[in-house]
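So you can see what is in the structure, the chains are spelled out below.
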Amino acid sequence: MNGLFRRKSVTALQAEAAADTSLKRALGPLNLTALGIGAIIGTGIFVLTGTVAAQNAGPAVILSFVFAGFASVFAALCYSEFASLVPMAGSAYTYGYATLGELVAWIIGWDLVLEYALAATTVAIGWSGYVVSFLNDLGIHIPAHWQAARGTVVTLADGSTTTAILNLPAVLIVAVVTTLLVVGIKESASVNNVIVLIKLAVVILFIALAAPHVNPANWHPFIPPNTGHREHFGFSGVVAGAAIVFFAYIGFDSVTTTAQEAKNPQRDMPIGIIGSLIICTLLYIIVSAIATGVMRYSELDVPDPIAHVADYAGLGVFATLIKIGAIAGLTSVILVQLLGQSRVFYAMSRDGLLPPFIRRIHPRFRTPYITSIITGVAVAIPAAILPVRDAAKLVSIGTLLAFVIVCTGVLVLRIREPNLPRPFKTPLVWVVGPMGTLSAAYLMAYLDKETWIRLLVWLVIGLTIYFSYSRRHSVLAQRGGGTGP
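Bear in mind the structure is a predicted one, so any value in this text is a computation, not a measurement. (Residues numbered from 1 in each chain as written. Predicted model: local features only at pLDDT ≥ 70, side-chain atom pairs only at ≥ 80, totals over all residues. Heavy atoms only, no water.)

S.K.: Summarise the overall build of the protein; cite the residues concerned and give the values.
M.R.: Helix and strand content of the protein: 18 helices and two strands. Across the 485 residues in the protein, those meeting the buried criterion constitute 61%. Taking as baseline every contact in the protein between residues at least 6 positions apart, the subset at least 24 positions apart corresponds to 81%. Summed over its atoms, the accessible surface of the protein is roughly 17300 Å², and 69% of this surface lies on carbon and sulfur atoms. (Helix = DSSP H or I, 4+ residues; strand = E, 2+ residues; numbered from the N terminus. Buried < 20%, exposed > 50% of the residue type's maximum accessible area, 1.4 Å probe, protein only. Contact = heavy atoms within 4.5 Å. Areas by Shrake-Rupley, 256 points an atom, 1.4 Å probe, with all protein chains shown as cover.)

See below:
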């Protein structure tokens, strides 16, 4: 049993981070903050604001974002301590390996695979909805059979309906972003910086132009009465909505996966994590308040709610600009999620838990190109056939599970190795850590039974792989190294 909980020592990880030059250290604090914003500002604002307002919380979707942001702050502080202490690719997977042991690390790594892949899937689906709407404005119409998930009923311009075969635009954007990630991390970060500036400008433009069209009557009732189902309105609906929109806060988690490519991770990782979270939480609250103030919440259950609000407010050409910004914004989210997924694969392969070919580095671009290509294919397939809401719930439960483990792990490490030099220390850790664990677990409890079943099935598949391959091929197992539980 000791082998299941063998740990990588923090000092060994720090030495490995200093000696490993296979990945290029090219990211500064601005790049890291922009990567966080690039991942956070996207589906939460441009897609989930509408569906959560219409189906779960009504105008109180504002509170859903507040609750989700509140839980995220605790996790962000714990992530910051780990990221500055262990500047290695792998995020919560690496932190779990250093504190809770190999089996827990495998579980969280396998969970992150689900989290990042389906996050990119969800965003690609939302990206497709905005592209279809934008092209329609230009008089270009993608055939209805190729613009939505398989089996989705699409209403045509003449009022008739047809059934979609697959979501072709979603597949195409995943292919383009995968190619960009293979070319290089610096190039990817530079493109992301430009996109982040565009979408922040568009979000601010939306706030400035749509705010005068707010009708306070649309905020009443602020919390619609519950319909008899826990997820549908009332306070329980607001909490369920928080659990769903929690998906939107995965961005600062993604920042930690690039620790091995940061120039000065001890200083810059906390800046990128906490800075991006604060900026984006404020924008989420403001945008959701305006969207539900301009239109009745019941009318926002569409793939492109912000564009829908802009059209309803009669913003004309600005509505088109907002759609362009949404497309750019969602593109950057896909980029960061695919980046995070490939780095988790890389870290697990480096530790022997996945086959060695996965961690091959491209001789010219110095990127883990095999993992990027595998991730791209794995994301493109569900993006073609899944509806957005089911994918978002699975991402949320995966993210929340990661937060539970990180907030617990930071406490375990404080007990085991209290004298480690910590460049960033979580303030009030004995309050922040338990609150992060409990708030994430509380939100998990509000996700439906089907989502829990899918998560458990995924974890069973992962445990089968671990006991049949990973446990025997683990680098720690081969060396007889590591520390005990």
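S.K.: Describe the pattern of salt bridges, listing the residues and the values that go with them.
M.R.: Counted under the stated rule, the structure contains three salt bridges. Notably, a salt bridge pairs R414 with E81, separated by 2.8 Å at the nearest N-O pair. Taken together, the positions of R414 in helix α15 (residues 388-416) and E81 in helix α4 (residues 61-85) put the pair 333 residues apart, joining distant regions of the chain. Owing to a relative accessible area of 15%, R414 belongs among the buried residues under this scheme. D311 is paired through a salt bridge with K323; the nearest N and O atoms lie 3.4 Å apart. Placement of the pair is D311 in helix α12 (residues 305-312) and K323 in helix α13 (residues 317-350), with a sequence separation of 12 residues. (Salt bridge = Lys/Arg side-chain N within 4 Å of Asp/Glu carboxyl O.)

S.K.: Give a description of a nonpolar patch on the surface that names residues and reports values.
M.R.: There is a patch of nonpolar side chains on the surface, built from F70, L428, V431 and M435 and spanning about 410 Å² of accessible area. Looking at where L428 falls in the secondary structure, it is placed in the loop between α15 and α16 (429-445). (Patch = residues over 30% accessible without salt bridge, like charges linked within 9 Å, V, L, I, M, F, W, Y side chains within 5 Å.)

S.K.: Outline the packing of aromatic side chains, listing residues and values.
M.R.: Enumeration over the complete set of coordinates arrives at 10 aromatic pairs. Relative to F235, the ring of F67 has its centre 6.1 Å away and its plane inclined at 65 degrees; by these criteria the two rings are edge-to-face. On the criterion of sequence distance, the pair formed by F67 in helix α4 and F235 in helix α9 (residues 234-245) is long-range, its members being 168 residues apart. A relative accessible area of 29% places F67 in the partly exposed class. Here F235 falls in the partly exposed class, since its relative accessible area comes to 48%. Ring centres of F233 and Y297 lie 5.7 Å apart, and the angle between their planes is 65 degrees; on these two criteria the pair is classed as edge-to-face. Here F233, found in the loop between α8 (185-210) and α9, pairs with Y297, found in the loop between α11 (265-294) and α12; they are 64 residues apart in sequence, far enough to count as distant. With relative accessibility at 13%, the residue Y297 sits in the buried group. Pairwise contacts between aromatic rings join W106, W110, W458, Y466 and F467 into one cluster. (Phe/Tyr/Trp six-rings, centres within 6.5 Å; stacked < 30°, edge-to-face > 60°.)

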